[in-house]
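# A structural walkthrough
The chain contents come next:
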Amino acid sequence: MLTFIRRFLGLLVLLFGLWFLALPGIRVAWTLGDPGIRDGSIPAVSWKLHRSLTPRYGAWAAAWLKSNRGEQLSTDDIAGTEWPLFGSCFYLWATEALVADAAAKKIDSPMLYSREAVDAAADLVMDPRSAGWVRQHWGAEYLTKQNAFYRMLLIFAATSHQQLTGSDKHLAILRAQVESLAAEIDASPAGLLEDYPGQCYPTDIVAAILAIQRADAVLGTDHRAFVERALRGFTGKNVMDLSLPPYSADALSGRPHDRSRGCGNAYFMMHVPYLWPQQTEKWYASYEENFWQQDWLLAGFREFPKGWSDDFYFDVDSGPVVRGVGVAASAFGLAAARVNGRFDQATPQAAMVIAASWPLPDGTLLMPRLLSNATDAPYLGEAATLYCLTRTPATHTASQAPGSIPLVVWLALALYLGMGSLTMLCGWRWLRRT
């Protein structure tokens, strides 16, 4: 019996080293050689992640909606309320990018295997049962008054669903939200609205404006004049010394409540090339000057501007901040850099994201999974990673040469392969002894 236990433990150690260390190391090494992390193409790893994530995301989204969790959550539970909807939009956006990539390459569309997941993700966002927390904030007027973050997600999800499926299922609410939200932003004193009562995050308004612009392709409307007028919300007195939107502001006056932060700027910079390309170069120059950080060990975008002492920090928006570099700021900074053609920054960030994701052989990205909300948004991290990797340069941008891969990536690769080999060797020797 003791011999059997020792053999079992030896086999367990060997398989652990293979599954959790050696094979992830091989996947990281393979992905680092992918041309897609160095140029404007979509990396092959995005396709593998989408195929792996799709059945899991579709099943989870359908089950979450059926459980009525959206009606039960408190307004204090930011991750539980926002992340299920946000993650579903990330999945839909990434699927759109892969459908376009498939059409360009003349290969089978991912919609052949992802229709059910696309329907489930869109239904999760659009269903009123997912809006319990915003009804607590805004009451019966939650679809017509302020509430910019939620209404922006409705527009994005309905647009993506129609583009992907051709279905008019959500067309009525899409048209209503586009027209009412555009009119409300246009009529606002400072070009801003509140996400929640007393809380205005300007970068969410940028996303709302882009959502309205994207819906034109589905509705046959034209909001170009509105988009040009909406620029007022992100210039002049509405910004501070960095010429970038503040993390939060007063919606009525536009007065910033605090300075810019990396998680908000990344979100801002991945949208504005499609809205105001003439302003983007100036914004990106300030973004790079004040938030990009690269040294001998790692590269990424800071959560706080250079000169601030918050080198170690954490909140629900930023995620962990280590040596000034923020997880959310750099993950979405990857999307921002790719959209703006800045592969001198996108390449090192993509390498770091891939190495830090801990990719398991079954397609799971272990670290994004652990950083997600296990109860209400278990796949947010993987959907967000997929979204970032499927961004391609805006048509007007000139791509820069790829940057070098930071040392921390090679150290991570050595750790995967070295510890994996050592663990497997220990397991094998244990088996041989018994």
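The notes below deal with the structure included here. Positions within a chain are numbered from 1, following the residues in the order the chain's sequence is written. With the structure being a predicted model, the display of local features is reserved for residues of pLDDT at least 70 and the display and counting of side-chain atom pairs for 80 or more, all residues being used for whole-chain, interface and lining totals. The basis for every side-chain value is the complete set of heavy atoms in the structure, and neither hydrogens nor water enter the calculation.

## Quick word on the sheet that holds strand β3 (residues 312–315)
Neighbouring strands of a sheet are bound in pairs by backbone hydrogen bonds; such pairs are parallel or else antiparallel. Just so we agree on the cut-off: Here, any two strands with at least 2 DSSP bridges between them count as paired. Per the convention used, a helix needs a DSSP run of H or I reaching at least four residues, while a strand needs a run of E reaching at least two, with both numbered from the N terminus.
Ordered in space as β3-β4-β5, the three strands form an open sheet in which the pairing is antiparallel. The open sheet has two edge strands, β3 and β5 (325–326), and neither has a second partner.

## Some words on the pairing of strand β4 (residues 319–322)
Examined bridge by bridge, β3 and β4 share four bridges and lie antiparallel to one another. Bridging from a neighbouring strand, Phe 312 pairs with Val 322 of β4. Two strands pair when backbone bridges link them, and β4 and β5 are joined in this way by two bridges, in the antiparallel orientation. Along β5, the bridge assignment pairs Val 321 with Gly 326. Remark: two residues form the turn of the hairpin made by β4 and β5, two consecutive strands paired antiparallel; Arg 323 in that turn has positive phi of roughly 55°.

## Regarding the state of the cysteines
Basically, it comes down to this: Here, two cysteine sulfur atoms that lie within 2.5 Å of each other are counted as a disulfide. Summary of the burial criterion: residues with accessible area below 20% of their type's maximum are buried, those above 50% are exposed, and those between are partly exposed, where the area comes from a 1.4 Å probe applied to protein chains only.
Tallying each qualifying case throughout the model produces zero disulfides. Cys 200 carries a free sulfur, and the closest cysteine sulfur to it, the one in Cys 263, is 14 Å from it. A relative accessible area of 2% places Cys 200 in the buried class.

## Section: the nonpolar core
For clarity, the cut-off: Only buried Ala, Val, Leu, Ile, Met, Phe, Trp, Tyr and Cys residues count toward a nonpolar core, and they belong to the same one when joined by side-chain atoms within 4.5 Å. Throughout, a residue-residue contact means that at least one pair of heavy atoms, one from each residue, lies within 4.5 Å.
With 125 residues, the main nonpolar core has Ile 209 and Trp 276 as its most contacted residues. Discounting residues that sit within four places of it in the chain, Trp 276 has contacts with Val 206, Ile 209, Val 227, Glu 228, Ala 230, Leu 231, Phe 234 and Trp 283. The next biggest cluster of nonpolar side chains, apart from the first, holds five residues, and it includes Trp 47, Ala 97, Leu 98 and Ala 102.

## Overview of the side chain of Gln 349
In plain terms, the rule: Pairing of N or O atoms within 3.5 Å defines a polar contact, subject to two protein rules: one partner must be a possible hydrogen donor and the other a possible acceptor, and residues neighboring in sequence count only if both atoms are side-chain atoms.
For Gln 349, the position within the fold is in helix α14 (residues 343–356). A polar contact of 3.1 Å, which involves the side chain of Gln 349, links it to the backbone oxygen of Gln 345. What Gln 349 contacts, discounting residues up to four positions off in sequence, is Trp 292, Gly 300, Phe 301, Ser 330, Gly 333, Leu 334 and Ala 337.

## Here we look at unusual backbone geometry
For Asn 68, which is not glycine, the phi torsion reads 60° and is therefore positive. Note that Asn 68 resides in the loop between α2 (44–66) and α3 (69–72). Since its relative accessible area comes to 29%, Asn 68 is described here as partly exposed. In this structure, Lys 106 takes a positive phi of about 55° despite not being glycine. Structurally, Lys 106 is set in the loop between α4 (78–105) and α5 (111–126). For Lys 106, a relative accessible area of 78% corresponds to the exposed category.

## Re the environment of Ser 114
Structurally, Ser 114 can be placed in helix α5. A C-alpha to C-alpha distance of 8.4 Å links Ser 114 and Thr 95, two positions 19 residues apart in sequence. Residues in contact with Ser 114, not counting those within four places in the same chain, are His 50, Thr 54, Tyr 91 and Thr 95.

## Here's the deal with helix α12 (residues 277–291)
Structural remark: α-helix, 3.6 residues per turn; residues separated by three or four positions point the same way. Here is the rule: Working rule for helices: expected span equals 1.5 Å times residues minus one.
Counted at 1.5 Å a residue, the expected span for α12 with its 15 residues is 21 Å, and the 20 Å between its end C-alpha atoms agrees. Those residues of α12 that fall on the buried side of the exposure criterion are Thr 280, Trp 283, Tyr 284, Ser 286, Tyr 287, Asn 290 and Phe 291. Lining the buried residues of α12 we find α11 (262–269), β1 (292–294), β2 (299–301), α13 (327–339) and α14.

## Remarks on a nonpolar patch on the surface
Convention followed: Each patch is built from residues lacking any salt bridge and having more than 30% relative accessible area; the joining distance is 9 Å for like charges and 5 Å for nonpolar side chains (Val, Leu, Ile, Met, Phe, Trp, Tyr). Each accessible area value is a Shrake-Rupley result obtained with a 1.4 Å probe; residue values ignore everything except the protein chains displayed when judging cover. Every case where a carboxyl oxygen of Asp or Glu lies within 4 Å of a side-chain nitrogen of Lys or Arg is listed as a salt bridge.
On the surface, a nonpolar cluster with roughly 560 Å² of combined accessible area is contributed by Phe 4, Ile 5, Phe 8, Leu 9, Leu 12 and Trp 430. Residue contributions to the nonpolar patch peak at five residues, all from helix α1 (residues 2–32). Relative to the helices and strands, Trp 430 is located in helix α17 (residues 407–433).

## Section: the packing of aromatic side chains
Note the cut-off: Here is the rule: rings of Phe, Tyr and Trp (six-membered ring for Trp) pair when centre to centre is within 6.5 Å. Planes less than 30 degrees apart are stacked, more than 60 are edge-to-face, and the remainder are tilted. Any Lys NZ or Arg CZ found within 6 Å of a ring centre and within 35 degrees of that ring's normal is scored as a charge over the ring.
One pass over the full model with this rule turns up 26 aromatic pairs. Seen in terms of ring centroids, Trp 292 and Phe 301 are 4.9 Å apart; in terms of plane orientation they differ by 65°. Their pairing is edge-to-face. The pair Trp 292 / Phe 301 is uniform in exposure class, with both members buried. Through a chain of ring-to-ring contacts, the aromatic side chains of Phe 86, Phe 90, Trp 93, Phe 149, Phe 156, Tyr 267, Phe 332 and Tyr 387 assemble into a single cluster. Sitting above the plane of the Tyr 142 ring, Arg 135 keeps its charged end 5.7 Å from the centroid.

## Some remarks on the pattern of salt bridges
Scanning the entire structure with this criterion turns up 16 salt bridges. A salt bridge links Lys 105 to Asp 101; its shortest N-O distance comes to 3.0 Å. Residue Lys 105 and its partner Asp 101 are located together in helix α4, separated by four residues, close to a single helical turn. Take Lys 105: its relative accessible area is 43%, and that puts it in the partly exposed class. By relative accessible area, which is 12% here, Asp 101 ends up buried. Connected through shared salt-bridge partners, Arg 56, Arg 369 and Glu 382 make up one network.

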